[in-house]
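Summary of the model geometry
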Amino acid sequence: YELPAVTGRLYRATAAGRELLEEWTEGTLELAITKAGVYRVEIWISPFHLQPYLGEVAGDLSDIPVLWIQTGAIFARASE
């Protein structure tokens, strides 16, 4: 079977909704936060490893990325 594809995304809340700051597919993210604000991390997965168990009818569902992990609000303050 094929390993799942995992993508991480870091967002910052804005007046219009949210802004994507960083997206990564391997390793971990290390990023200096330079603006005070409210941040959130999402981890998305394309579960290719489930293909053998989904059968022919649902096999294509493993190609669709789904939200796997979502943090709560991360509040960052400006340093003084």
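In short, a report on the structure. Here the residue index of a chain counts from 1 through its sequence in written order. Owing to the predicted nature of the model, reporting of local features is limited to residues with pLDDT of at least 70; listing and counting of side-chain atom pairs is limited to 80 or more, with chain, interface and lining totals taken over all residues. Only hydrogens and water are set aside; all other atoms, that is, all heavy atoms of the structure, feed into the side-chain values.

Observations regarding a nonpolar patch on the surface
Surface patches are defined over residues having more than 30% relative accessible area and no salt bridge, joining like charges when they lie within 9 Å and nonpolar side chains (Val, Leu, Ile, Met, Phe, Trp, Tyr) when within 5 Å. Throughout, the Shrake-Rupley method with a 1.4 Å probe supplies accessible areas, and for residues the shown protein chains are the sole cover considered. Salt bridges are defined by distance alone: a side-chain nitrogen of Lys or Arg within 4 Å of a carboxyl oxygen of Asp or Glu. On the surface, a nonpolar cluster with roughly 560 Å² of combined accessible area is contributed by L50, Y53, L54, L61, I64 and V66. Tracing the chain through its elements places L61 in the loop between α1 (51-58) and β4 (66-70). Take L61: its relative accessible area is 52%, and that puts it in the exposed class. Secondary structure is summarised from DSSP: a helix means a run of H or I of at least four residues, a strand means a run of E of at least two, and numbering begins at the N terminus for each. Burial classes follow relative accessibility: with a 1.4 Å probe on protein chains only, a residue under 20% of its type's maximum area counts as buried, one over 50% as exposed, and anything between as partly exposed.

Quick word on the nonpolar core
Nonpolar cores were defined as sets of buried Ala, Val, Leu, Ile, Met, Phe, Trp, Tyr and Cys residues, with membership established by side-chain atoms within 4.5 Å. In terms of nonpolar packing, the biggest core is built from 5 residues, these being L10, W24, Y39, V41 and I43. If you tally residues by element for this core, the top one is strand β3 (residues 37-46), at 3 residues. Pairs of residues are marked as contacts when any of their non-hydrogen atoms sit within 4.5 Å. What L10 contacts, discounting residues up to four positions off in sequence, is E19, L20, L21, E22, W24, L29, L31, Y39, R40 and V41.

Overview of the side chain of S62
Among the structural elements, S62 can be located in the loop between α1 and β4. Given a relative accessible area of 0%, S62 falls into the buried group. What qualifies as a polar contact is a pair of N or O atoms within 3.5 Å, subject to a donor-acceptor requirement within protein and to the restriction that residues adjacent in sequence count only when both atoms come from side chains. Of the polar contacts made by the side chain of S62, one reaches the side chain of Q51; its length is 3.1 Å. Residue contacts for S62: discarding those within four places in its chain leaves S46, P47, F48, Q51 and L54.

Regarding the environment of V38
Following the sequence through the fold, V38 ends up in strand β3. For V38, a relative accessible area of 31% translates into the label partly exposed. In this structure the C-alpha to C-alpha distance between V38 and A76, which are 38 residues apart in sequence, comes to 6.3 Å.

Notes on the packing of aromatic side chains
Each Phe, Tyr or Trp ring (for Trp, its six-membered ring) is paired with any other whose centre lies within 6.5 Å, and the angle between the two planes then decides the class: stacked below 30 degrees, edge-to-face above 60, tilted in between. Summed over all chains, the structure comprises 0 aromatic pairs. Across the ring face of Y11, the terminal group of R18 is positioned such that the distance to the ring centre comes to 3.9 Å. Here, a charge over a ring means that NZ of Lys or CZ of Arg falls within 6 Å of the ring centre while also lying within 35 degrees of the ring normal.

What to know about the environment of A36
Here A36 is to be found in the loop between β2 (17-24) and β3. Accessibility expressed as a relative area gives 44% for A36, which makes it partly exposed. For A36 and H49, which are 13 residues apart along the polypeptide, the C-alpha to C-alpha distance reads 39 Å.

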